Amino acid sequence: MRNKLLYSLLVVCALGIVLLAIWQRPAEPSFTGFKAHRIIAHAMGGIEDMTYTNTRDAFIANYEKGTRVFEVDLLLSKDDQLIARHEWGQFFTNMLRQQEGISEERSGAVWSAEEFKQAKIDGRYEPLFWDDIVELLAEYPDIYIVTDTKQIKPEEIDSIFAKIVDSTKRKDPNLLERIVPQIYNQPMLGQIKQYYPFDSVIYTLYQSQDSDRQVVNFARSNGIAAVTVSEGRVNEQLVQSLKRAGIPTYVHTINDMKLVADYKKMGVYGFYSDFLAGDQADSAS
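All of the points below concern the structure found in this document. (Residues numbered from 1 in each chain as written. Predicted model: local features only at pLDDT ≥ 70, side-chain atom pairs only at ≥ 80, totals over all residues. Heavy atoms only, no water.)

1. Quick look at the side chain of Arg85
- Along the chain, Arg85 falls in the loop between strand S3 (82–83) and helix H3 (90–95).
- As a buried residue without a salt bridge, Arg85 has its nearest oppositely charged side chain in Glu87, at a separation of 7.8 Å. (Helix = DSSP H or I, 4+ residues; strand = E, 2+ residues; numbered from the N terminus. Buried < 20%, exposed > 50% of the residue type's maximum accessible area, 1.4 Å probe, protein only. Lys, Arg positive; Asp, Glu negative; His and termini not counted. Salt bridge = Lys/Arg side-chain N within 4 Å of Asp/Glu carboxyl O.)

Here it is, written out as structure tokens:
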């Protein structure tokens, strides 16, 4: 009799521990807007064997695979036009196979808007200006654009977001509701909101010096929609702390379904990817 009672007590204690663990680990919330999607296409997504193209061709290829959230890299041209490009330099020009569209002495320079337009990627893909991306927002009412502004000096951010907001408003102010800025430090939030009170903002940490605790406190206190981390920065304590605050974590840049499954077990919600698309992350386990 005593042994049965002891066994029953052990079972109850074990059950209590399991229930406590479940209670402490936050449940998967239900999201709307851009957060209804686990995959964000990195630099408009990959096309064939190419990444970082930021082209309409890449957008179309990934849209047709079911992707609805697209990150785009943004730079200012030499003549102050807002363009979709990750960086300047000869290495990057060669990587995008643009050698035939630009003279050798200019391949590593900061280009004018006209030079940018003429240098087709892989000799066939059309580079995008911000105005072209606004047209995509108007043409595809179910997509979201996540900005990755590659220049982050305060005066550069002012110029970039003034152009983003002015250009989009001219087309249709409602399109601004589907633009999701990424910020790289805490002061940048107030800076961009001088131009427009964006509904959703992502805090991406690849340039941030904040501790995990500072990230969580800032995100929770300022209504940050999501936090994006690199593989080198992600850890379960940060992910679970954000999750308890109702804030999903995205990891970049992931192209492997096994990694998706491993990170999901950690509690990571979504992924920036070149080649994963649509609802692929939903099926990883």
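2. Some thoughts on helix H9 (residues 236–244)
- Listing the buried residues of H9 in full gives Leu238, Val239, Gln240, Leu242 and Lys243.
- Those residues of H9 that are buried are in contact with helix H8 (212–221), strand S7 (226–230), strand S8 (249–252) and helix H10 (257–266).
- Sitting at the amino-terminal end of H9 is Asn235, which places a side-chain oxygen 3.2 Å from the backbone nitrogen of Gln237.
- Once H9 ends, the next one or two residues include Gly246, with phi positive near 80°. (Contact = heavy atoms within 4.5 Å. Polar contact = N/O pair within 3.5 Å; in protein donor to acceptor, adjacent residues only side chain to side chain.)

3. Some words on the nonpolar core
- In this structure, Met44, Trp130 and Val227 are the most contacted members of the largest nonpolar core, which totals 68 residues.
- Not counting chain neighbours up to four residues away, the residues in contact with Val227 comprise Tyr203, Leu205, Val215, Ala219, Leu242, Ile247, Pro248, Thr249 and Tyr250. (Core = buried A, V, L, I, M, F, W, Y, C linked by side-chain atoms within 4.5 Å.)

4. Details of the pattern of salt bridges
- This structure, assessed with the given rule, holds 14 salt bridges.
- For Asp122, the salt bridge goes to Arg97, with nearest N and O atoms at 3.4 Å. With a gap of 25 residues between them, Asp122 in the loop between helix H4 (113–118) and helix H5 (130–139) and Arg97 in the loop between H3 and H4 connect regions that are remote in the sequence.
- On the basis of relative accessibility, which here comes to 34%, the residue Arg97 falls in the partly exposed class.
- Salt-bridge contacts for Asp122 lead to Arg124; the nearest nitrogen and oxygen are separated by 2.8 Å.

5. Here's the deal with the packing of H5 against helix H6 (residues 154–171)
- Close contact between H5 and H6 brings their axes to 10 Å; oriented N to C, the two are set at 45°. When the axes of H5 and H6 are compared, the pair comes out oblique. Of the two possible hands of crossing, H5 and H6 adopt the one that is right-handed. Counted together, Trp130, Asp131, Val134, Glu135 and Ala138 of H5 and Lys163, Ile164, Ser167, Thr168, Arg170 and Lys171 of H6 form the full contact between these two elements. (Axes fitted to C-alpha atoms, helices over the stretch in contact; angles between N-to-C directions. Parallel < 35°, antiparallel > 145°, perpendicular 65-115°, else oblique. Left-handed = near helix turned anticlockwise from the far one by under 90°.)

6. Things to note about helix H2 (residues 56–63)
- Looking only at H2, the buried set comprises Ala58, Phe59, Asn62 and Tyr63. Down the axis of H2, the smallest arc covering the buried residues is 130°, so these residues share one side.
- Along its buried surface, H2 packs onto strand S2 (69–76) and H5. (Arc of directions from axis to C-beta.)

7. Comments concerning the packing of aromatic side chains
- With the rule as written, the count across this model stands at 15 aromatic pairs.
- Members of the aromatic cluster, joined through ring pairs, are Phe31, Phe34, Tyr250, Tyr269 and Tyr272.
- It is Arg68 that lies over the ring of Tyr63; its NZ or CZ is 3.6 Å from the centre.
- Geometry around Trp111 places Arg85 over its ring, the cationic atom sitting 4.4 Å from the centre. (Phe/Tyr/Trp six-rings, centres within 6.5 Å; stacked < 30°, edge-to-face > 60°. Lys NZ or Arg CZ within 6 Å of the ring centre and 35° of its normal.)

Geometric values such as these leave the question of function open.
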